[in-house]
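These are the residues of each chain, in order.
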Amino acid sequence: MASKGVQIVCVALGVLGLIGVIVCCAVPRWRVSSFIGSNIVTAQSSQGGLWTTCVVQSTGQQQCKNYDSLLVLPSDLQAARAMTIISAMLSGLALLILFCGAEFTTCIENEDAKPKISLVAGIGLLLAGLLVIIPVSWSAHNIVQEFNNPLVASTQKYEMGACIFIGWAAGVLLLIAGGLLCCFSRPGSGSSGGTAKYYSNSASAPNKNYV
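Counting starts from 1 at the beginning of each chain's written sequence and moves along it residue by residue. Local features in a predicted model are, by the rule used here, given only for residues with pLDDT of at least 70; side-chain atom pairs are given and counted only at 80 or more, and totals for whole chains, interfaces and linings are based on all residues. Hydrogens and water molecules were not included; the side-chain quantities draw on all heavy atoms of the structure.

Asks: In this structure, what is going on with the environment of G60? I would like to understand it.
Replies: Helix and strand definitions follow DSSP, with helices as H or I runs of at least four residues and strands as E runs of at least two, each counted in order from the N terminus. In this structure, G60 sits in the loop between β3 (52–57) and β4 (62–66). Separated by 16 residues in sequence, G60 and Q44 place their C-alpha atoms 9.2 Å apart.

Asks: So what exactly am I meant to see when it comes to the sheet that holds strand β5 (residues 158–160) here?
Replies: The strands making up a sheet associate through hydrogen bonds between their backbones, and the pairing can be parallel or antiparallel. If you trace the 5 strands from one edge of the open sheet to the other, you get β4-β3-β2-β1-β5, paired in antiparallel fashion. A single partner strand is all that each edge strand has here, and the edge strands are β4 and β5. Each strand of the sheet is rotated relative to its neighbour by a mean of 25°, with strand direction disregarded. At least two DSSP bridges between two strands are needed for those strands to be called paired. Pairing geometry for strand β1 (residues 31–33) and β5, over 3 bridges, is antiparallel. Within the sheet, the bridge partner assigned to R31 lies in β5 and is M160. Where helix α3 (residues 114–147) meets the sheet, its contacts fall on β1 and β5, and the angle it forms with β5 comes to roughly 145°. All axes here are fitted lines through C-alpha atoms, helices being fitted over the stretch that makes contact, and every angle between N-to-C directions spans 0 to 180 degrees. Throughout, a residue-residue contact means that at least one pair of heavy atoms, one from each residue, lies within 4.5 Å.

Laid out in structure tokens, this is it:
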């Protein structure tokens with residue numbers, strides 16, 4: 001059974017990972033405009049996220065616009081929307097399950113069920129970590145591929161934004177939390193594995209007949 005300290009650490013890592021997934025999903029900083037070659041105009045820069053695209057002026061003013069239609073979005077952006085939302089929901093649900101089955105709470109008083117509940121929470125955190133790492137890695141691959149494509153104009157090239165790195169960090173935190181829970185929350189083997197037999201010295205000694 002996992003110790004209280006390990007479970008508290010897992011809760012902290014899970015909460016940080018959940019916050020990172022929410023920030024990654026909400027903030028439009030997945031890709032930012034790149035200033036290379038002859039593209040030296042820095043009066044404004046473009047930023048793109050899962051839901052909006054923004055233009056930031058050098059004065060600090062920012063104008064954002066929602067995407068026109070879901071059907072015109074690239075496949076990686078559509079998948080990233082779904083995966084990050086599912087990751088946030090799954091990590092939040094796994095943390096609630098962990099709170100119910102943790103040793104430092106009294107929500108469930110059955111000590112035999114707590115390791116199983118913590119194990120389920122660990123599996124949920126592992127899946128949530130994978131669901132956020134996959135879309136940010138996919139988007140990062142596409143950004144790098146377009147950046148190195150000589151057919152794409154320098155004014156249309158983008159670099160990886162802060163949300164890509166936040167998504168990687170959040171996924172790693174969730175994977176660490178889930179891995180720790182899975183390692184330290186294995187149910188015990190129980191007391192029915194074997195039965196100990198005790199014999200008295202008099203019973204084990206051979207019978208002797210005295211005349």
